[in-house]
Amino acid sequence: YDPDTGSPVRVNQVGYLPDGAKKGVYVTDSTEPVAWSLKDARGTQRASGRTTPLGVDASSGQNVQSFDFSGVTAPGDGYTVTIGGDTSEPFAIGSDVYAELRKDALQYFYVERSGIEIRGDLVGSAWARPAGHLNVAPNTGDNGVTCVAAQPCGYTLNAAGGWYDAGDQGKYVVNGGIATAQLLSEYERTLTAPGASKAALGDGSLRVPERGNGVPDILDEARWELRFLMSMQVPQGQALAGMAHHKLHDAQWTALPTQPTADDQPRELHPPSTAATLNLAAAAAQGARLFRKYDPAFADKLLASARSAYRAAVAHPAVYAPASDSTGGGAYNDNNVTDEFYWAAAELYLTTGESSYRSAVLGSPLWGEGEDVFPQGGFSWGSTAALGALDLATVRGGLTRTQLAEVRGEVTQAADRYAADAADAAYGMPYAPEGGHWVWGSNSQVLNNAVVLATAADLTGRQKYRNAVLGAVDYVLGNNPMNQSYVTGFGERSTQNQHNRIYANQLDPDLAHPIAGSLAGGPDDSLEDPKAEQKLAGCVGAMCYIDDIESYSTNELAINWNAPLSWVASYVDDLGGA
Ligand code: 9MR
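Residues numbered from 1 in each chain as written. Predicted model: local features only at pLDDT ≥ 70, side-chain atom pairs only at ≥ 80, totals over all residues.

An unreviewed UniProt entry lists the chain under the name Endoglucanase, with Streptomyces sulfonofaciens given as the organism. Quoted straight from UniProt, the Sequence similarities (unreviewed entry) entry for the chain says "Belongs to the glycosyl hydrolase 9 (cellulase E) family." (UniProt positions renumbered as here; feature names shortened; annotations may be inferred.)

Caption draft 1: A look at the sheet that holds strand S15 (residues 247–250). The strand order across the open sheet built from three strands is S13-S15-S16, with neighbouring strands paired in antiparallel fashion. Across the chains shown, the open sheet's two edge strands, defined by having one partner strand only, are strand S13 (171–172) and strand S16 (267–269). Two strands pair when backbone bridges link them, and S15 and S16 are joined in this way by three bridges, in the antiparallel orientation. In the sheet register, His-249 faces S16, and the bridge partner there is Glu-268. (Pairing = 2+ DSSP bridges. Helix = DSSP H or I, 4+ residues; strand = E, 2+ residues; numbered from the N terminus.)

Caption draft 2: Looking closely at the confidence of the model for the chain. Of the residues in the chain, 100% reach a pLDDT of 70 or more, and the chain-wide mean stands at 98. In the predicted complex, the global pTM is 0.99; the interface-specific ipTM is 0.99. (pLDDT = per-residue confidence, 0-100.)

Caption draft 3: Structural view of the environment of Val-174. Relative to the elements of secondary structure, Val-174 occurs in helix H3 (residues 173–192). Considering only alpha carbons, one finds Val-174 and Asn-279, 105 residues apart in sequence, at a separation of 5.6 Å. In this view, Val-174 contacts Ala-275, Ala-276, Asn-279, Tyr-332, Asp-334 and Trp-381; residues no more than four positions away in its chain are not counted. (Contact = placed C-beta atoms within 7 Å.)

Caption draft 4: Region of the structure containing helix H10 (residues 385–394). Most of H10 is tucked away: 10 of the 10 residues are buried. Residues of H10 that are buried make contact with H3, helix H5 (274–291), helix H7 (338–352), helix H9 (370–373), helix H11 (401–424) and helix H12 (442–460). (Buried ≥ 20, exposed ≤ 12 C-beta atoms within 10 Å, placed from the backbone.)

Caption draft 5: Inspection of the site of the ligand at higher detail. Around the ligand, the surrounding shell holds 13 residues, and the nearest of these are Ala-166, Gly-330, Trp-440, Glu-556 and Ala-558. Taken together, the residues that form the shell around the ligand break down as six nonpolar, four polar and three charged. (Near = placed C-beta within 6 Å. Nonpolar A, V, L, I, M, F, W, Y, C, P; charged D, E, K, R; others polar.)

Caption draft 6: Local environment of the packing of H10 against H11. Interhelical geometry of H10 versus H11 gives an angle of 120 degrees and a closest axis separation of 8 Å. Of the possible angle classes, the one that applies to H10 and H11 is oblique. Two packed elements cross with a definite hand, and for H10 against H11 that hand is left-handed. Residues Ala-389, Leu-390, Leu-392 and Ala-393 of H10 lie in contact with H11, whose contacting residues are Val-407, Arg-408, Glu-410 and Val-411. Split by residue class, the contact of H10 with H11 holds six nonpolar, no polar and two charged. (Axes fitted to C-alpha atoms, helices over the stretch in contact; angles between N-to-C directions. Parallel < 35°, antiparallel > 145°, perpendicular 65-115°, else oblique. Left-handed = near helix turned anticlockwise from the far one by under 90°.)

Printed below as a string of structure tokens:
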């Protein structure tokens, strides 16, 4: 295993904020400090210093040294760092270095929409396509979909719309719920956080068909998925009424590439689950309080749906999606829904103020258990309590001062742990996975930890949290063992070939690459697909990555991964100021 990782001088290939920490890594056999030189676009030296040898980096097995040019604050493009005969990829310094990332990471969701034409006048003709999965041959479509033959339900749902999950064209309520919640939180943060820009997410900020309707575009995008999530509820009068079907996807896996309009596999509803039901309850409850001002009728609908889902979950608290149900779509199995109960109760409480939901939060086994709420490797689709705790800590509600201090303390203690991990890591990312084991979607774990850190920074104003967020951004944008920017179109060495069936340029040059702003899942050292097994044998941790469309375990794109990218991009763009 000997990947081409380019220059041994590693930086954030997009850029750094003028008043933020600025660090990079040099990969070398040497253990002696060496000279580094920072040059501007004209090649004029603007700063210099000596590296700090760090020894062997646990995340990669590389022998590394670090350099720090935080003192350089002059805005400019085309900076480089040179060490010996090696020069880094170019980067910028400026207060607006993350403005494009903020836009594009969020724009991604429009391009992933199902059941609606993707307009070339909005996103460019290369990404335009007709509406998918609408009962137009050869589709059986999502707007009249019924249950898998093995578990017939006797009704059909109109579950058109929503976003495609990832490289496949399935739609999964647990994953849709957390991705939507993270977009809603990205918006909700701007209502209270110091220095946050509402306009940057406002009406006209995105290239979506709803722009100009008086509603912030990020809410328009979230609404597209919220409607789908609600449509997955079991109708009244049926067994398990109010529960949400776990997922909807193809009967068999389709080939790469497959356009949504060309999918000839039957679409099928899979049985309801408690986890999906609670994800719907949480996301819809959060949506209800944010849409109140813009569309009260929609807010009412969301709240009614959230309440009925929560009631159904209480009545059926242990209906689990089986791990074996992974033909034609992912399983998203999860046999512990304590966290989903906590999250849903928290959102319903923050939206309604009702004491029954408050009792459910305070009576949860997770209340007061910060280390379980904020796990070492980061929260995720299977571990959602953090989403509830972050909102309890930041959204005005009726908690007592003591209770608020408790949950805020959990956020800052988790942030302390993640900041310590970032400080220990040669590459500066706030991620020290359990057992040193880099998981499927590791980039989203890095970014979810950054969300916790950013929230702690908002709550306390402490620089160490802010700098650890910047460490996560530097890592994702190129300061990493692969010298890879994991976001398409950002940085000289950016990922271009994420696993997906629509924008599969690697397999068909007539198709586009994924649109700018698409995040790759990132290193996964378990080698969970044949391409990874073949190409990455012997890799260490953060080196277990390949920009190949077939490597779904290291290089897929997914809504629950772009959502924290979008959240964090919004935060760091706000740091740069208006
Ligand atoms: O993100 C999911 C990851 O945590 C799991 O380990 C993996 C295997 O079950 O599945 C990932 O989710 C995939 C889903 O099952 C189907 N759509 C694509 C998702 C991203 O790879």
